[in-house]
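# Examination of the molecular architecture
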Amino acid sequence: MTYLLGFRNIQKLWRSTPCFELGLATSPVSLFLGVTRNQHRWLCVKTTFPLNSKAINLLVAKTRTLKEENDSSRQVSSDHYFAAGAAKKRAHLNNNLQQRDHAVSRKRGTIEVPTTPLNSEEWDQLKEDFKGKISFEDKVISQMVRNRSSVDVAKSLLAWVAAKNNGIVGYNLLVKYLYLCVYHKETSEVIDVYEIMKAKYKCLETGANSILIRGLIHSDRWREALLRLEEIKKVTIPSKKNYNDCIQGALFHQDVNLAWSLYQELIDHNLIPLLDTLKAFFDFGKHINDDHYSNKLLDILLYLRNNQMFPGESLAHSIKTWFESIPGRQWKGQFTTVQKSGQCSGCGRVLESIHLSPEEYEFLKEKIMRHVIDGGDQYKKTTPQELKRFEKFVNSCPPFDIVIDGLNVAKMVFKNRESQTLLDVVSQLAQQNLRLLVLGRKHMLTPSSQWKKDEMKQVQEQADCFFADNISKDDPFLLYATLNSGNHCKFITKDLMRDHKACLPDAHTRHLFFKWQQGHQLTIMNCLQRSKLAFQHTFSYDTVVQTTGDSWHIPYDEDQVQRSSYEVPTKWLCLQRKTKTSAPC
């Protein structure tokens, strides 16, 4: 048989075959309707009403492609507990095992997708060899999407399907073929499929509209992408990817006002813009000299600061290039690091302190007391009576210098006896004349192979101790004691407090909590030599976009480092503006 040379030739596939409408309970992903005795007939779908949200979400999920696998060999730059990449390094062995198992299971469910177009007989043979339980056609097109197969190979599949099904191609195949056309930038094919879909369907679901937006933005019909965006708005709020594509298209076609209007619309929907969107604005700004445009770019940097966002390496380069391209401003940028003291290695300036102001500290303390300790779920793990007993105990003691999560610390050395590990930590800190509080559970006082009576007695001689019921969760106790002791007090635990951070009411409070946590949480770096325990330094500076007017310091993510949500970047973009010096007399 002959292959389709373009989608203009597939008009015959729609002929005069009757169209069936989907009922309200029918998913638009159902591309064929059962007839009798396991036989199926492919149907064209005419949508005459808005699709329900569940159906839309399902089809969107079906039409999206899988993300590429993460490279397990990526490098990390630091071992600090909150440094970008540290969590990935700690979990390296477990992840390798999980990835290996996942690769085995994925291999069992795949089809060897052809790399060249097949004729009808070859497709027949491939289907005959297929042993899967799902539709062969759906499986093949999905695999093609994952493999980013060529448009010609996909086109041969559609031609074979059309020949076998009275000239009808299912909706799912059509949408995924459209995706491949967009991915390979086959603009003419995108336009052809677009025309067919407009002719045959009264409205399209969100997934197809999203693909069409991306496919149209670089064509001479790019403004029709805005019509697709409006169609999405009738059903749901467009995604940040939808806005990104439309903004990229507007900038590509020099419509700056439209691009900023779409950006503001995105922000008004409380969507977080893609870094690619921000990069597009900075890249476009290199070619124009406009103060209004420049001020909007500076607003983007302040948006990053206020939302604790970090640019990627590519965006950081675009920001640097834009600053250095501003006529007459004499900005100079460099990529650098920040010393433990908080001093920039590039320019020597000292960055903003991570320590909270007295007002910020009292604000955070009140929020934690209300939302975590008084309003949290701690009573599921303890009792009001025990919490009152603890509050009375803490208030009767002078402020502590360090609060220790005793059970957590005791388990830090796998082969050590737990009471011995706890005693080693307490003894080393006590030698520095620090006032210590050890939080533990009552079972730690019962002699066992892990808990020696004489070692626990030595712990109690060197530190104040509070032993809660065995069912109690000690995180609220640790937070209460640390905050009640004042801004100087630090705490030791491996717990990252993410659940408690999530209880806080807004982004500003959560940022203050993370800032306080980075400046107060101590971790043990070396647990192998009992006599030489090393505590990791806490950050002295705030990892956030910051400016003094004639300087900018922007933390950014390196491309080869995977950062968890509770970690911060270790690389910085330092930008300095040369100031005019007065002429000598």
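Residues numbered from 1 in each chain as written. Predicted model: local features only at pLDDT ≥ 70, side-chain atom pairs only at ≥ 80, totals over all residues. Heavy atoms only, no water.

Within an unreviewed UniProt entry, the label attached to the protein chain reads Mitochondrial ribonuclease P catalytic subunit, and the organism entered is Cricetulus griseus. What UniProt states about the protein chain under its Subunit (unreviewed entry) heading is, verbatim, "Catalytic component of mitochondrial ribonuclease P, a complex composed of TRMT10C/MRPP1, HSD17B10/MRPP2 and PRORP/MRPP3." According to its UniProt record, the protein chain has this under Subcellular location (unreviewed entry): "Mitochondrion". (UniProt positions renumbered as here; feature names shortened; annotations may be inferred.)

A few words now on the pairing of strand β12 (residues 551-556). Each regular strand carries side chains that alternate between the two faces of the sheet. Judged by how many residues are buried, β12 sits mostly within the fold: 6 of 6 residues are covered. Side chains of β12 alternate between two faces, with Ser551, His553 and Pro555 and Trp552, Ile554 and Tyr556 buried alike. The turn joining strand β11 (residues 546-547) and β12, which pair antiparallel and follow one another in sequence, is formed by 3 residues; a positive phi near 100° is taken by Gly549. (Buried < 20%, exposed > 50% of the residue type's maximum accessible area, 1.4 Å probe, protein only. Helix = DSSP H or I, 4+ residues; strand = E, 2+ residues; numbered from the N terminus. Pairing = 2+ DSSP bridges.)

With that settled, the discussion passes to the pattern of salt bridges. A side chain with one charge can pair with a side chain of the opposite charge if their charged atoms come near. Going through the model one piece at a time under the given rule, you end up with 25 salt bridges. Here Lys234 ties to Glu231 by a salt bridge, and the two come within 2.9 Å at their closest N and O atoms. We classify Lys234 as exposed; its relative accessible area is 64%. Given the relative accessible area of 23%, Glu231 is considered partly exposed. Arg563 is the partner of Asp557 in a salt bridge, and the nearest nitrogen-oxygen pair spans 2.7 Å. Classification of Arg563 by relative accessible area gives partly exposed; the value is 28%. Members of the salt-bridge network, linked through shared partners, are Glu195, Lys198, Arg221 and Glu224. (Salt bridge = Lys/Arg side-chain N within 4 Å of Asp/Glu carboxyl O.)

A separate point is the nonpolar core. Counting residues in each nonpolar core, the largest one holds 83 residues, and the members touching the most others are Met144, Leu157, Met197, Phe281, Ile319 and Phe323. Sort the elements by how many residues they give to this core and helix α7 (residues 171-183) lands first, with 10 residues. Sequence-distant contacts of Phe281, defined by excluding residues within four places in its chain, comprise Ile247, Leu251, Ala259, Trp260, Tyr263, Tyr293, Leu297 and Ile300. (Core = buried A, V, L, I, M, F, W, Y, C linked by side-chain atoms within 4.5 Å. Contact = heavy atoms within 4.5 Å.)

A word on the sheet that holds strand β3 (residues 331-336). In spatial order, the strands read β3-β13-β12-β11; together these 4 strands make up an open sheet with antiparallel pairing. The open sheet has two free edges, formed respectively by β3 and β11, since each of these has just one partner strand. For β3 and strand β13 (residues 571-577), the ladder comprises 6 bridges, and the chain directions are antiparallel. Within the sheet, the bridge partner assigned to Gln334 lies in β13 and is Cys574. Running at roughly 155° to β3, helix α15 (residues 313-325) makes contact with β3, β12 and β13 of the sheet. (Axes fitted to C-alpha atoms, helices over the stretch in contact; angles between N-to-C directions.)

Next up on the list: unusual backbone geometry. In this model, Asn166 sits at a positive phi of 55°, which is unusual for a non-glycine residue. Here Asn166 shows up in the loop between α6 (151-164) and α7. Phi angles above zero are rare outside glycine, and Gln254 is one such case at about 70°. Inspection of the secondary structure puts Gln254 in the loop between α11 (240-252) and α12 (256-268). The exposed category is assigned to Gln254, whose relative accessible area is 57%.

It is worth spelling out the sheet that holds strand β4 (residues 402-405) at this point. Pairing within the open sheet is parallel, and its 5 strands lie in the order β6-β5-β4-β7-β8. Edge positions in the sheet fall to β6 (464-468) and β8 (521-522), since each of these pairs with one other strand and no more. Sitting on the sheet, helix α17 (residues 384-395) is in contact with β5 (436-441) and β6, with an inclination near 175° to β6. Across the sheet, helix α23 (residues 507-520) touches β7 (490-492) and β8, and the angle it forms with β7 is around 75°.

Turning next to the confidence of the model for the protein chain. Detail in the predicted coordinates should be disregarded across regions flagged by low pLDDT. Scored by pLDDT, the protein chain has a mean of 81; 77% of the residues are at 70 or more. Here residues 1-78 is modelled with pLDDT under 50, and outside its nearest four sequence neighbours on either side it reaches 134 contacts, counting other chains as well. Note on residues 101-106: pLDDT is under 50 here. Beyond four places in sequence and across chains, it has 1 contact. (pLDDT = per-residue confidence, 0-100.)

Before going further, it helps to examine the environment of Leu157. Position of Leu157 among the secondary structure elements: in helix α6. The spacing of Leu157 and Leu173 is 16 residues in sequence and 9.2 Å in space, taken between C-alpha atoms. Those residues within four positions of Leu157 in sequence are excluded, and the remaining contacts are Trp123, Glu137, Val140, Ile141, Met144 and Leu173.

Moving on to the pairing of β5. Most of β5 sits out of view: 6 of its 6 residues are buried. Covered by surrounding structure in β5 are Leu436, Val438 and Gly440 together with Leu437, Leu439 and Arg441, the residues of both alternating faces. Two strands pair when backbone bridges link them, and β4 and β5 are joined in this way by 4 bridges, in the parallel orientation. Bridge pairing in β5 links Ile404 to Val438. Taken together, the 5 bridges between β5 and β6 define a ladder with parallel strand orientation.

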